[in-house]
Every structure is written in C-alpha cells, then in structure tokens.
Amino acid sequence: MAPDTTAFVPFCTAVAAHAADNPEGIAFQVDDRAMNWQTLHERVGQVGQAVRQQGVAPGGRVAVIGLSSLAYIECYFGTIAARACVVPLPASASAVAPETMLLDCGAKLLSVDPDTGASIADMAARLASRGA
C-alpha cells in the first residue's frame, strides 16, 4: 500500500523538516533580503515562545501590522506556531482604520513592523499608554 501523501502536516513540522533537510536553502526572499530555512525555523520558534509568554493562549488573537518584509513573515508564522490566530491589519491605511479594527478584533497582542511608519507607531504607542 502506498503512503498517504495527502496527510496533514503541521506547519511547524514542515518548517523543521525543511530546516533539517536544507538549512541554508532560501525559505523566503523579500527584495534583496533572504532568509534560509534554519533561520526561519529559529525565529518562528522565538516568536511563538514570545507570544505564549505574553499570555496569548491557543486560539487567542495577535494583530500584525506590517509591510511585505521578513519581519512580518516571522511574526505571522510565529503566531501560528503559538497556535494563536493572526489578525492581519493594513499598514497602508490611515492610523484611524487599523486602530478601529484593532479595538474591534479582540487581539491580546499587537505586532508592529517598525518600517510601517510613524503614524502606525504613534497609534500603537497611544493604545499601549491607555492599557489596550
């Protein structure tokens, strides 16, 4: 009997397998920056651990605001590794729109790519100062 090649493979298991089989192979490339499988595996684990340490339980929500970057990929997949739900918010909108979405989505944690700009960073600081 042939093995079942359609069986579900957890995301973290797939990344770990690629890291073991081809650690220096390119996992993602954004513009002129690249990340290999080993680095992706390590950073996804670090972000996942940080998400859990911040008290986000499996099924909890983590909002992510960022541009197309390797940092965004790390945060997105690290949140998945923590078994939390990713709530992607648009970095291209005015700060009012993501702030409204953030308050509405019930996220316990917000990850902000520092390259998104001052208005998004100001919004995150404003929310943090209010205890949100």
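The paragraphs below set out a description of the structure included in this document. (Residues numbered from 1 in each chain as written. Predicted model: local features only at pLDDT ≥ 70, side-chain atom pairs only at ≥ 80, totals over all residues. Heavy atoms only, no water.)

**Description of the pairing of strand 3 (residues 61–65)**
When you tally the buried positions in strand 3, you get four out of five residues, the bulk of the element. Where strand 3 and strand 4 (residues 85–89) come together, five bridges link them in parallel fashion. Residue pairing for strand 4: arginine 61 is matched across the bridge by cysteine 85. Between strand 3 and its parallel partner strand 4, the chain crosses via helix 3 (residues 70–81), and the hand of that crossover is right-handed. The pairing of strand 3 with strand 5 (residues 109–112) spans four bridges and is classified as parallel. Directly across from valine 64, in strand 5, lies its bridge partner serine 111. (Buried < 20%, exposed > 50% of the residue type's maximum accessible area, 1.4 Å probe, protein only. Helix = DSSP H or I, 4+ residues; strand = E, 2+ residues; numbered from the N terminus. Pairing = 2+ DSSP bridges. Right-handed = clockwise from strand over helix to strand, strands pointing away.)

**Observations regarding the nonpolar core**
Counting residues in each nonpolar core, the largest one holds 12 residues, listed as Val15, Ala19, Ala27, Val30, Met35, Trp37, Leu40, Val44, Leu70, Ile73, Phe77 and Ala81. The set of elements that each furnish at least two residues to this core consists of helix 1 (11–21), strand 1 (26–30), helix 2 (37–53) and helix 3. For this core, the element with the most residues is helix 3, which contributes four residues. (Core = buried A, V, L, I, M, F, W, Y, C linked by side-chain atoms within 4.5 Å.)

**Observations regarding helix 2**
The end-to-end C-alpha separation of helix 2 is 24 Å, in line with the 24 Å expected for 17 residues at 1.5 Å each. As for helix 2, its buried residues are in contact with helix 1, strand 1, strand 2 (33–36), strand 3, helix 3 and strand 5. Once helix 2 ends, the next one or two residues include glycine 55, with phi positive near 90°. (Expected span 1.5 Å × (residues − 1). Contact = heavy atoms within 4.5 Å.)

**Some details on the sheet that holds strand 3**
Read from one edge of the open sheet, three strands run 4-3-5, paired in parallel fashion. Bordering the open sheet on either side are strand 4 and strand 5, each of which pairs with just one other strand. Neighbouring strand axes in the sheet, compared pairwise and without regard to direction, differ in orientation by 25° on average. The sheet contacts of helix 3 involve strand 3, strand 4 and strand 5, and relative to strand 4 the element is tilted by about 150°. (Axes fitted to C-alpha atoms, helices over the stretch in contact; angles between N-to-C directions.)

**Brief notes about the side chain of serine 69**
Take serine 69: it is sitting in the loop between strand 3 and helix 3. A distance of 3.1 Å separates the side chain of serine 69 from the backbone nitrogen of tyrosine 72, its partner in a polar contact. Ignoring anything within four residues of it in the chain, the contact list for serine 69 reads Val30 and Asp113. (Polar contact = N/O pair within 3.5 Å; in protein donor to acceptor, adjacent residues only side chain to side chain.)

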